[in-house]
Amino acid sequence: MLQNLFLAHSGNDLAFVQTYIKNFNLFWKHREQILSDPRLYYTRIPFKIQGTLQQTLGTIAEAWSEHAVLFMYPCIGCKGNAPIFGFAKKSPQSIYECIVEAYCPKCRAAMSSFSDNLWPDRTNALLPIYLERIAHNPEAETEITPFTLAEAVDYLKKLEQK
């Protein structure tokens, strides 16, 4: 189901989506590195808000730290915190209800397709991050060369080997 959510709502190819899903734990573990390294920060992920606003590893990492109440979910396995990696409106007719995907880095439980009524709150939390860092700062992406998602994964895995 997790894969289907990202494919349906992102317009991205299967390999891109699978790379993102398979490496949630890696991104969570290195969230501080993602926030501090522009090559990682601007790495695009298969997640958009409002249908067109492409998110990056950095925007989701900022959401985890700045809006933890909205971007963490109680783990169904260990009762710890599971970061939310994606969400989408449950249906085009739904104003508030959304489908949420989360993954617990502690026990590795995947929570997919649970729904809540926080779609507008999460979107409103991500929108200013997106506008400040991406939309109103387009030269940032041209001044540096962001990693592709696969390159970001390789880079973070090499950091773990040191």
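Look up a bit, the structure's there.
Attention in this report is confined to the structure presented alongside it. What you see is a predicted model; the values in this text were computed from it and never measured.

Here is what the cut-offs are and how they apply
- Residues numbered from 1 in each chain as written.
- Predicted model: local features only at pLDDT ≥ 70, side-chain atom pairs only at ≥ 80, totals over all residues.
- Heavy atoms only, no water.
- Phe/Tyr/Trp six-rings, centres within 6.5 Å; stacked < 30°, edge-to-face > 60°.
- Helix = DSSP H or I, 4+ residues; strand = E, 2+ residues; numbered from the N terminus.
- Buried < 20%, exposed > 50% of the residue type's maximum accessible area, 1.4 Å probe, protein only.
- Lys NZ or Arg CZ within 6 Å of the ring centre and 35° of its normal.
- Disulfide = S-S within 2.5 Å.
- Contact = heavy atoms within 4.5 Å.
- Expected span 1.5 Å × (residues − 1).
- Arc of directions from axis to C-beta.

## Remarks on the packing of aromatic side chains
A complete count under the given rule lists nine aromatic pairs for this structure. Between Tyr20 and Phe85, the ring centres sit 6.3 Å apart and the planes meet at 75 degrees, which makes this aromatic pair edge-to-face. Highlighted residues: Tyr20 in helix α2 (residues 14–22) and Phe85 in strand β4 (residues 81–89), separated in sequence by 65 residues. Pair check on accessibility: Tyr20 and Phe85 agree, each one buried. Through successive ring pairs, a cluster of aromatic residues spans Tyr20, Phe24, Phe27, Trp28, Trp64, Phe85 and Tyr103. Arg31 extends its terminal NZ or CZ atom over the ring of Trp28, reaching a point 3.7 Å from the ring centre. Lying over the aromatic face of Tyr155, Arg39 brings its terminal NZ or CZ to 5.0 Å of the ring centre.

## Thoughts on the environment of Asn81
On the secondary structure map, Asn81 appears in strand β4. For the pair formed by Asn81 and Pro105, sequence separation is 24 residues and the distance between their alpha carbons is 8.3 Å.

## Quick notes on the state of the cysteines
Should the sulfur atoms of two cysteines be covalently bonded, the bond is a disulfide. Within the structure shown, the criterion is met by zero disulfides. Take Cys75: it sits in no disulfide, and the sulfur closest to it among the cysteines is that of Cys107, at 3.4 Å.

## As for the side chain of Glu62
Within the secondary structure, Glu62 is located in helix α6 (residues 57–66). The exposure class assigned to Glu62 is buried, which follows from its relative accessible area of 9%. Non-local contacts of Glu62, meaning those with residues more than four positions away in its chain, are made with Leu35, Tyr41, His67, Ile129 and Arg133.

## Some thoughts on helix α10 (residues 149–161)
Taking 1.5 Å of rise per residue, the 13 residues of α10 would be expected to cover 18 Å, and the 19 Å separating its terminal C-alpha atoms lies within 8% of that figure. Looking at α10, one finds that the buried residues are Leu149, Ala152, Val153 and Leu156. The arc that holds the buried residues of α10, viewed along the axis, is 100 degrees, so those residues lie on one side. Turned more than 90 degrees from where α10 packs its buried face, Lys158 and Gln161 sit exposed.

## Re α6
When you tally the buried positions in α6, you get eight out of ten residues, the bulk of the element. Residues of α6 that are buried: Leu57, Gly58, Thr59, Ile60, Ala61, Glu62, Ala63 and Trp64.

## Here we look at the environment of Cys104
Counting through the fold element by element, Cys104 comes out in the loop between β5 (98–103) and β6 (110–116). Relative accessible area serves as the criterion here: at 0%, Cys104 is assigned to the buried category.

## Considering the environment of Ser65
Mapped onto the elements of the fold, Ser65 is located in helix α6. Judged by relative accessible area, which is 48%, Ser65 ranks as partly exposed. For the pair Ser65 and Glu32, spaced 33 residues apart in sequence, the C-alpha to C-alpha distance is 9.5 Å.

## Points about unusual backbone geometry
Glycine aside, negative phi is the norm for most residues, and most peptide bonds take the trans geometry. A positive phi angle, near 70 degrees, is found at Lys79, a position not held by glycine. Within the fold, Lys79 resides in the loop between β3 (72–74) and β4. Using a relative accessible area of 65% as the deciding quantity, one classes Lys79 as exposed. At Arg108, a residue that is not glycine, the phi angle is positive and equals roughly 65 degrees. Residue position: Arg108 is located in the loop between β5 and β6. Using a relative accessible area of 54% as the deciding quantity, one classes Arg108 as exposed.

Interpretation note: all reported values are geometric properties and have no functional meaning in isolation.
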